[in-house]
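Residues per chain are reported as follows:
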Amino acid sequence: INGGKNMDPKQIAKQMVDFNKTAFDNSFEAMSALQDQAEKMFLATMEQTSFFPEEGKKLINEWIKNYKKGRNEFKAAADENFKKVEAFFSAK
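Values in this document were obtained by computation on a predicted structure and should not be read as measured data. (Residues numbered from 1 in each chain as written. Predicted model: local features only at pLDDT ≥ 70, side-chain atom pairs only at ≥ 80, totals over all residues. Heavy atoms only, no water.)

Considerations on the nonpolar core
For clarity, the threshold we go by: As used here, the term nonpolar core means buried Ala, Val, Leu, Ile, Met, Phe, Trp, Tyr and Cys residues forming a set that is joined through side-chain atoms within 4.5 Å. Think of it in three bands: with a 1.4 Å probe and only protein chains considered, a residue is buried below 20% of the maximum accessible area for its type, exposed above 50%, and partly exposed in between. Two residues form a contact once any of their heavy atoms are found within 4.5 Å.
The biggest cluster of nonpolar side chains holds 5 residues, and these are Val 17, Phe 24, Phe 28, Ala 78 and Phe 82. Contacts of Phe 24, omitting those with residues within four sequence positions, involve Phe 74, Lys 75, Ala 78 and Phe 82.

Here we look at the packing of helix α1 (residues 9-48) against helix α2 (residues 54-90)
Under the convention used in this document: Every angle, taken between N-to-C directions, lies between 0 and 180 degrees, and every axis is a line fitted to C-alpha atoms, over only the stretch in contact when it is a helix. The secondary structure listing takes helices from DSSP runs of H or I that are at least 4 residues long and strands from runs of E that are at least 2 residues long, numbered from the N terminus. Convention used here: angles under 35 degrees read as roughly parallel, angles over 145 as roughly antiparallel, angles from 65 to 115 as roughly perpendicular, and any remaining angle as oblique. Three categories are distinguished: nonpolar for Ala, Val, Leu, Ile, Met, Phe, Trp, Tyr, Cys and Pro, charged for Asp, Glu, Lys and Arg, and polar for the others, with Gly belonging to the last.
Two numbers describe how α1 lies on α2: the axes approach to 10 Å, and their chain directions differ by 170°. Classified by the angle between their axes, α1 and α2 sit roughly antiparallel to one another. Per-class residue counts for the contact of α1 with α2 are 17 nonpolar, 5 polar and 15 charged.

Remarks on α2
The criterion, for reference: Multiplying 1.5 Å by the helix residue count minus one yields the expected span of that helix.
Between its terminal C-alpha atoms α2 stretches 54 Å, which fits the 54 Å expected from 37 residues at 1.5 Å a residue. Inspection of α2 places Gly 56, Lys 57, Ile 60, Ile 64, Tyr 67, Arg 71, Lys 75, Ala 78 and Phe 82 among the buried residues, and these make up the whole buried set. Elements that come into contact with the buried residues of α2 comprise α1.

Details of the side chain of Lys 57
The criterion, for reference: For this count, His and the chain ends are skipped, Lys and Arg are scored as positive, and Asp and Glu as negative. By salt bridge we mean one thing: a side-chain nitrogen of Lys or Arg within 4 Å of a carboxyl oxygen of Asp or Glu.
Secondary-structure assignment places Lys 57 in helix α2. Buried charged residue Lys 57 carries no salt bridge. Nearest counter-charge: Glu 47, at 4.0 Å. Those residues in contact with Lys 57 that sit more than four places away from it in its chain are Met 46, Glu 47 and Phe 52.

Next comes the structure, spelled out in structure tokens:
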């Protein structure tokens, strides 16, 4: 397959990291899409419900803002760690 040459262990590890990053990114995007869709449905239902108190709406909007912030911070941290691992395996 590789012309009889042994693959560099760092190259194999880099390919594994690349695969895991792609899997993480795809899973994260799918999870985010599901959360965003659930948020849209919930907000639409909340707006159509006349007896939902204004304080409750404010609380839910704050909760949505916080979970999105946490989600973005988690993704940024994961991306940064993948960059560090990729840099390690790319160094000669």
